[in-house]
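Descriptive structure summary
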Amino acid sequence: MMPKPQQKPICPNFGSGPTAKPPSWQLDHLQSALVGRSHRSLEGKAKLAQLIEKTRSILKVPEGYRIGIMPGSATGAIECALWSCLGLYGVDVMAFDVFGKLWVTDVIEQLKLTDVNVMQADYGQLPPLVHNPDRDLVFTWNGTTSGTCVPNADWIHDDRKGLTICDATSAAFCFDLPWSKLDITAYAWQKGLGSEAAHGMLILSPQAVDRLQTYRPPWPLPRLFRLTNQGNLTEGIFRGETINTPSMLCAEDCLLSLDWAQQIGGMEGLVNRCQANFGVLKEWVNKTSWVDFMAHDPSITSPISVCLTLPLLKDHPIVAQREFLKSFGALLRNEQAAFEIVNHIHAPPSLRIWCGPTVESENIELLLPWLEWSYQETLIEFGKL
Ligand SMILES: Cc1ncc(COP(=O)(O)O)c(C=O)c1O
């Protein structure tokens, strides 16, 4: 029997969203939040405008691209894009994780579009990266539940008629996104930034703005999705005059995360931290026989939401696999050594360890002996399966 490791990760938050807070985060820092005041006050609008401009600076979003704060977290922002822009051209939808599959349902069952080409792949794989410039494309940059990500956007044409709509929920602030390839990008505050969940961010290229101003979809648009007024973009939304009431407490928390991101060197600092975290985990996975990456191709293996399978489980019924992982996770949770490292219920039974920028690599190092310990303990509990 392996002795219980002595030292625990200082922060055991390895879940994939909400993720760990930035290392310098303290609840006290939220004292400056504009609580009990209107988001439409001078100060409220200034905070939200600041949030947009800091986002632009860290993510290096070009001038001319609009950035808006939307209701409904990442889902709200993505669905706003789908409902507002689709239907003019045929649409290609890539689906290789839980969420990509949800966008397929939106496009086919809710919007009832018929000229739809679904490009699916199993967990741990990607569909062929092909782009038809005459059609709209909906794709996920990082499959949070599949442990795969697109390796780049070189396969997207620069000269295109259709729009590219990117679900960057777990990619923003983790990958240096190539804005010239992305017309509509959506994400939420609680992943790369480790901030509070509440609002979604929508980033629009000039081509996306043009679509919004010249195309009217045939279906009704809820007010929460309406970005135009009589064919003109509602510019105020992209200056912080949100469609409806945002949480100023969450906005303050997002500002704190953005300030932290700036202090650590902006995008370069964020990516370096992700790479360092993944480096530690990868080295361990490569020398550990009881775990494998869910993705087998290193060029598409996500370094952020790292999904791991257990070869021992593969010949057992799914229910038994889930039971094993549940016990594995519960042991670590009870010890407060790791929280939420069992993958999403709709993904194949697997572990998932968030290696985004708010995680400290020292904590990944401290996690590793606990993973070994929990595996040994769970094996004993399950009578070696
Ligand atoms: C890739 C991806 N898209 C969309 C979502 C939905 O995000 P939200 O809960 O912010 O709407 C998630 C959540 O984990 C995600 O991982």
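Fair warning: this is a prediction, and the values are worked out from it, not measured in the lab.

Across its full length, the protein chain holds eight helices and 14 strands. Structurally, the protein chain occupies a C-alpha span of about 70 × 50 × 30 Å along its principal axes. Within the protein chain, buried positions represent 57% of all 385 residues. The long-range fraction of contacts in the protein chain, counting pairs at least 24 apart against all pairs at least 6 apart in sequence, stands at 72%.

This paragraph deals with the environment of L86. Along the chain, the position of L86 falls in the loop between α2 (73–85) and β2 (91–95). Spatially, the C-alpha atom of L86 lies 9.2 Å from that of Y215, the residues being 129 residues apart in sequence. Dropping the residues within four chain positions of it, L86 is found in contact with A81, V91, V107, L111, L113, D136, V138, I165, Y215, P217 and W219.

All right, on to the domain arrangement of the protein chain then. When cut into domains, the protein chain gives domain 1 (27–262) and domain 2 (265–381). Relative to domain 2, the C-alpha centre of domain 1 lies at a distance of 28 Å. Contacts between domain 1 and domain 2 engage 30 residues on the former and 27 residues on the latter. Where domain 1 abuts domain 2, roughly 2,100 Å² becomes buried across the two surfaces, and 68% of that area is made up of carbon and sulfur atoms. The largest share of the area that domain 1 buries against domain 2 comes from G147, C174 and W260, three residues that together contribute 22% of it. Linking domain 1 to domain 2 there are zero salt bridges. The element that contributes the greatest number of residues to the side of domain 1 that touches domain 2 is helix α5 (residues 248–263), accounting for three residues.

This next bit is on unusual backbone geometry. Cis geometry is adopted by the peptide bond preceding P18, which originates at G17 and carries an omega value of -5 degrees. In the Ramachandran plot, K112 falls in the positive-phi region, its phi being about 55 degrees despite a non-glycine side chain. In this fold, K112 is placed in the loop between α3 (98–110) and β3 (116–120). For K112, a relative accessible area of 61% puts it in the exposed group.

By way of backbone hydrogen bonds, the strands of a sheet pair with one another, either parallel or antiparallel. Here seven strands make up an open sheet; going across it, the order is β1-β9-β8-β7-β4-β2-β3 and the pairing mixed. Each edge of the sheet is formed by a strand with only one pairing partner; in this case those strands are β1 (66–70) and β3. Across this sheet, the average inter-strand angle for adjacent strands is 15 degrees, counted without regard to direction. The sheet contact formed by β2 and strand β4 (residues 136–140) spans three bridges and is parallel. Its bridge partner lying in β4, D92 is registered against L137. Contacts from helix α1 (residues 42–59) reach β1, β8 (184–188) and β9 (200–204) within the one sheet, and its direction differs from that of β1 by about 125 degrees.

For the rest of this paragraph, the subject is α1. Since the α-helix turns once every 3.6 residues, residues separated by three or four places project in the same direction. Look at α1: 26 Å from first C-alpha to last across 18 residues, which is about the 26 Å you get at 1.5 Å a residue. The set of residues buried in α1 consists of G44, K47, L48, L51, I52, T55, R56, I58 and L59. Its buried side turned inward, α1 meets β1, β8, β9, α5 and α6 (266–287). Of the residues flanking the end of α1, it is K60, one or two places downstream, whose phi is positive at about 60 degrees.

Turning our attention to the pairing of β9. Every other side chain in a regular strand lies on the same face of the sheet, so the side chains alternate between the two faces. Across the five residues of β9, five count as buried, placing the element largely inside the fold. The alternating pattern of β9 places G200, L202 and L204 on one face and M201 and I203 on the opposite face, and all of these are buried. The pairing of β1 with β9 spans five bridges and is classified as antiparallel. Paired with M70 across the bridge in β9 is G200. Bridge count for β8 against β9 is five bridges, and the pairing is antiparallel. Within β9, the residue paired with Y187 across the bridge is M201.

The next point concerns the site of the ligand. As a matter of local geometry, the ligand sits amid 14 residues, with S73, T75, T144, D167 and K191 nearest to it. Contacts to the ligand include A74, whose backbone N or O atom sits 3.1 Å from an oxygen atom. Taken by itself the ligand offers 400 Å² of open surface, and the protein chains cover 86% of this. Counting only elements with at least two residues in the shell around the ligand, the list comes to α2 and α3. When residues in the shell around the ligand are grouped by element, the largest group, three residues, is from α2. When its residues are assigned to classes, the shell around the ligand shows four nonpolar, seven polar and three charged.

Mapped onto the fold, Q321 is located in helix α7 (residues 318–334). By relative accessible area, which is 9% here, Q321 ends up buried. With residues up to four places along the chain from it excluded, the contact list for Q321 reads L313, K314, H316 and P349.

Each value, and the rule that gives it
- All residue numbers refer to positions counted from 1 along the written sequence of the respective chain.
- Only residues with pLDDT of 70 or above have their local features reported here, since the model is predicted, and side-chain atom pairs are shown and tallied only from 80 upward, although totals for entire chains, interfaces and linings are computed over all residues.
- Think of the side-chain values as coming from all heavy atoms in the structure, minus any hydrogens and water.
- The way it works is that DSSP assigns letters per residue, a run of H or I at least four long becomes a helix, a run of E at least two long becomes a strand, and they are numbered from the N terminus.
- To sort residues, take the accessible area from a 1.4 Å probe on protein chains only and compare it with the maximum for the residue type: under 20% means buried, over 50% means exposed, and anything in between is partly exposed.
- The contact rule is simple, with two residues in contact once any of their heavy atoms fall within 4.5 Å.
- Domain ranges listed in this record stem from an automatic or a database domain assignment.
- As used here, buried area is the combined drop in accessible area, with a 1.4 Å probe, of two parts when they are placed together.
- Salt bridges are defined as contacts in which a side-chain nitrogen from Lys or Arg sits within 4 Å of a carboxyl oxygen from Asp or Glu.
- Criterion used throughout: strands pair if DSSP finds at least two bridges between them.
- Lines are fitted to the C-alpha atoms to define the axes, a helix being fitted only along its stretch in contact, and any angle between axes, read from their N-to-C directions, falls within 0 to 180 degrees.
- Helix span is expected to be 1.5 Å times the residue number reduced by one.
- Consider each residue's heavy atoms; a residue with any of them within 4 Å of a molecule or strand counts as near.
- The term polar contact refers here to a pair of N or O atoms within 3.5 Å; inside protein, the definition further demands a hydrogen-donor-capable atom paired with an acceptor-capable atom, and it admits residues adjacent in sequence only when both atoms are side-chain atoms.
- Accessibility throughout is a Shrake-Rupley quantity obtained with a 1.4 Å probe, and a residue counts as covered only by protein chains that appear here.
- Each residue is assigned to one of three groups, with Ala, Val, Leu, Ile, Met, Phe, Trp, Tyr, Cys and Pro labelled nonpolar, Asp, Glu, Lys and Arg labelled charged, and all others, Gly among them, labelled polar.

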